[in-house]
Each structure stands twice: as C-alpha cells, then as structure tokens.
Amino acid sequence: MITDKLPTLAQEMCSIHLNGQSTRFKKGSSISDVITAQELQGRRIAVEVNGEIIPKSLHDAHQLKANDRVEIVTAVGGG
Amino acid sequence: MTVFSSTPSNSTNTLSARTDAPFVIAGKTYTSRLLVGTGKYASIELTSEAIRASGAQIVTLAIQRTASKAPEGQALLDCFPESEFTLLPNTAGCYTAEDAVRVARLGRELLDGHPLLKLEVLGDQKTLFPDVIQTLKAAKILVDEGFQIMVYTSDDPIVARQLCDLGCVAIMPLAAPIGSGLGIQNRYNIEFIMESVDVPVIVDAGVGTASDAVLAMELGIDAILMNTALAEAQDPVRMAVAMKHGVIAGRQAYLAGRMPRRRYASASSPIPEFI
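Residues numbered from 1 in each chain as written. Chains lettered and ligands numbered in written order. Predicted model: local features only at pLDDT ≥ 70, side-chain atom pairs only at ≥ 80, totals over all residues. Heavy atoms only, no water.

Here we look at the packing of helix α6 (residues 132–144) of chain B against helix α7 (residues 157–166) of chain B
When two helices pack together, their arrangement is given by the angle between the helix axes and by the axis-to-axis distance. Residues and elements named next belong to chain B. The geometry of α6 relative to α7 is characterised by a closest axis approach of 9 Å and an angle of 10° between their N-to-C directions. Put simply, α6 runs roughly parallel to α7. Contact with α6, carried on its side by V132, T135, L136, A139, K140 and V143, involves V159, Q162, L163 and L166 of α7 and no other residues of that element. Taken together, the residues of the contact of α6 with α7 sort by class into seven nonpolar, two polar and one charged. (Axes fitted to C-alpha atoms, helices over the stretch in contact; angles between N-to-C directions. Helix = DSSP H or I, 4+ residues; strand = E, 2+ residues; numbered from the N terminus. Parallel < 35°, antiparallel > 145°, perpendicular 65-115°, else oblique. Contact = heavy atoms within 4.5 Å. Nonpolar A, V, L, I, M, F, W, Y, C, P; charged D, E, K, R; others polar.)

What follows is the structure in structure tokens.
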C-alpha cells in the first residue's frame, strides 16, 4: 500500500512559504484548505498571497501555487 | 446661604449638566476620554478586567502573523466585541511607510472593512520615536484609500499640522517615549499642537500614573491613549480605575479653569474688621 502511494503523494505535493516557513501542501490547495489545515477555520484572520490581500470571499476559490508566499494574520494585544 | 445652596446632594448631576464639548472621532461620539491598549498584560482575563474597569470605549490591537493553531487572536476579538468597543488596529512594529500601509490593509481585511486605524511608523528601536517622514508618506496613501487615521507622531506642531491637513482624524503626539512612564515632558509642545490643528489631540505614550493623566488633561487635550501604565502596574485593575478618574479630574479641572497663582497668601476666611 505505502509503496504504491508514495510516488503519487510526492507528485501531488508542493511547498509554499506560510508565515515565512516552508510548508508542504497538496497541489491545488485553496486558501481555505490551508486555513483548515492550520486549524484556523472560523477564526478572524486576513490572508495575503505574494503581497496581495485575498479577500475572505475568495478563500475557497483561490488556488495556491508552488512557492507562493502566504501570510495569515490575526489580532494580538498591542498599544 | 448661597454657599450652602450650591452644594446639593446631586452635585454630580449638576457637574455633568455643565456641558462639555462632545469627544468625537471620525463622526462617532464617545463619553470616555481614555483610550487603552491591549498589550503586555499577564493574561487575557486581566486585560479584559482592567480595560473594563478603565471605562475605555476605544481599544487598540496589533496585527500579527498567526502562530499556528494558536487561538490568541480569536480570544482577543471575542473579549472586545465590536458591539461594545471601537477597535483601533495599529501598525505597530513598522519602520517604513510601505510596511505600515501593508499592515493597515491587512487590519482592514481582518476587521471586515473597518476604516479606523492607528498609524504608527517608528524610526528607532531604542526610542520608538516616530519617523515623521515615513508617517506622512503612509498617511497620504491611507487617507486616499479611505482609512480614518489616528496618527501617532512626535510633538512637533508643524508635522501635526501637516498630518491634519492630509486628513488624519486625530493627532496623537507622544508625551514621553512609548512605555517609559516618564509623564508629560513636553507640555508647551502639546499646547502648540492643540493650537495648530482642528481635530482631536490625544496624548499617546508617556503617561505613567494617574497624576500624569490629570496633568495631561489639564492642558486641554481631548483624550489620552495608554497601555503600559495599566499593564505594568502592580494592580492593573486598580490603576485602570485610577486612570479613569484621573482623566475625568483633569478634564473637569481644565473646563473649570484654575485659580490664579499668587506669590503670597490670600486668606480664605473673611478678615474681621474688629473682634
């Protein structure tokens, strides 16, 4: 089983830079997929891909590409 | 007789009936002239308790990368719902206009189009003094994008006037470095700024204890924004109460107008002509 799957998995994965860290995701993952994988679904966040803000309404539709720089931000204590 | 009739039991009501100009930021009226930050507290519970004790209606927050799977941001926003507080996202930690504009846009997206912003562009890590050139540059861009900007700035009245001319909705000069607690070190500059601009002037940074808040408000500024003075007090909740009253006391004293200073005594009791 494992040997059957490994080549396929490797083929289907790609790296993105998530909050500055290289992270592997399935090719074709949407922003919503990444949010879910980070257990941030339902939380108030904002997402930027390659310096451009992607509005919440487009998180489902926006597919990430290899080497995309993705920033997910939230509110923290500050003065 | 007149002395006694002017001290009824409802003196508090009499005082509040003596009207103050409303404190308005970007078209919204606030009853509290104390704005507070949400940083540096030991816990979210203490943040909540202290800020509620302060009576503040405007609370600042910072925009940061999510720590993976950490719920802090959610906890903070749950703690200070927009139904109860006006949220004031800031651009803390930005040293260029470009970074500040980026963080401002992220904050607006995070808060679903919220236009109110505390703009700060810092120039130096040691002093956290603002870089006013970068601040002016960022303010121009953000005003054009529809942001309502409350701007942290130096105590320079010329820069304050320029920020006001750009369309900032409040000018927020420091009274001493951020987090220093040194009190009001530049009262004449603060007064110059009040004369230079026609939007609210809010002292942002420098207040250390309640007497500093009173002194600042006695100058006639519109409000004070503080964070460290509460968060680093031994008892933040009690200091929040002290600051609430300090701000009210200073404002009332400003409105009342102080007595003249004299070099020599002036008796309070009538001087009898003979005994």
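Right, picking up where we left off after that structure.
Quick notes on the interface of chain A and chain B
Taken residue by residue, the interface counts 26 residues in chain A and 31 residues in chain B. Per-residue buried area on chain A facing chain B is highest for R44(A), V76(A) and G79(A); these three make up 27% of the total on that side. Taken together, the connections running from chain A to chain B amount to six salt bridges. For the salt bridge of E109(B) with K56(A), the shortest nitrogen-to-oxygen distance reads 3.8 Å. (Buried area = accessible area lost by both parts, 1.4 Å probe. Salt bridge = Lys/Arg side-chain N within 4 Å of Asp/Glu carboxyl O.)

Points about the pattern of salt bridges
If you walk through the whole model with that rule in mind, you get 18 salt bridges over all chains. Where D235(B) meets R238(B), a salt bridge forms, and the shortest distance between an N and an O atom there is 3.8 Å. Under the relative-accessibility criterion, D235(B) is labelled partly exposed at 36%. One network of salt bridges, with partners in common, ties together R44(A), K56(A), E82(B), E109(B) and D112(B). (Buried < 20%, exposed > 50% of the residue type's maximum accessible area, 1.4 Å probe, protein only.)

Thoughts on the pairing of strand β7 (residues 148–153) of chain B
All names here are of chain B. Counting buried residues in β7 gives five out of six residues, a clear majority hidden from the surface. The sheet contact formed by strand β6 (residues 116–119) and β7 spans four bridges and is parallel. Its bridge partner lying in β7, L119 is registered against V151. Crossover β6 to β7 through α6 is right-handed. (Pairing = 2+ DSSP bridges. Right-handed = clockwise from strand over helix to strand, strands pointing away.)

Some details on the side chain of S196(B)
Residues and elements named next belong to chain B. Structurally, S196 is set in helix α8 (residues 187–196). The exposure class of S196 is buried, given its relative accessible area of 17%. Of the polar contacts made by the side chain of S196, one reaches the backbone oxygen of F192; its length is 2.6 Å. Once residues lying within four places of it in the same chain are set aside, the contact partners of S196 are P157 and R161. (Polar contact = N/O pair within 3.5 Å; in protein donor to acceptor, adjacent residues only side chain to side chain.)

Some points on the side chain of T91(B)
In this fold, T91(B) is placed in the loop between β5 (86–89) and α5 (97–110). Beyond its immediate chain neighbours, meaning those up to four positions away, T91(B) contacts A100(B), V103(B), A104(B), L117(B), K118(B), L119(B) and E120(B).

Looking at the confidence of the model for chain B
Considering every residue of chain B, the mean pLDDT works out to 91; 91% of them sit at 70 or more. Scoring the predicted complex yields pTM 0.88 and, for the interface, ipTM 0.86. (pLDDT = per-residue confidence, 0-100.)

Digging into the packing of α7(B) against α8(B)
All names here are of chain B. Across the interface, α7 lies against α8 with an axial gap of 9 Å and an inter-helix angle of 30°. Overall, the two elements α7 and α8 adopt an arrangement that is roughly parallel. Judged by the twist between their axes, the crossing of α7 over α8 is right-handed. Only N189, F192, I193 and S196 of α8 make contact with α7, whose side of the interface consists of P157, A160 and R161. (Left-handed = near helix turned anticlockwise from the far one by under 90°.)

Quick word on the environment of A233(B)
Residue and element names in this part refer to chain B. Here A233 is to be found in the loop between α10 (228–231) and α11 (236–256). Under the relative-accessibility criterion, A233 is labelled buried at 16%. Through-space distance from the C-alpha of A233 to that of P81 is 25 Å; in sequence the pair is 152 residues apart.

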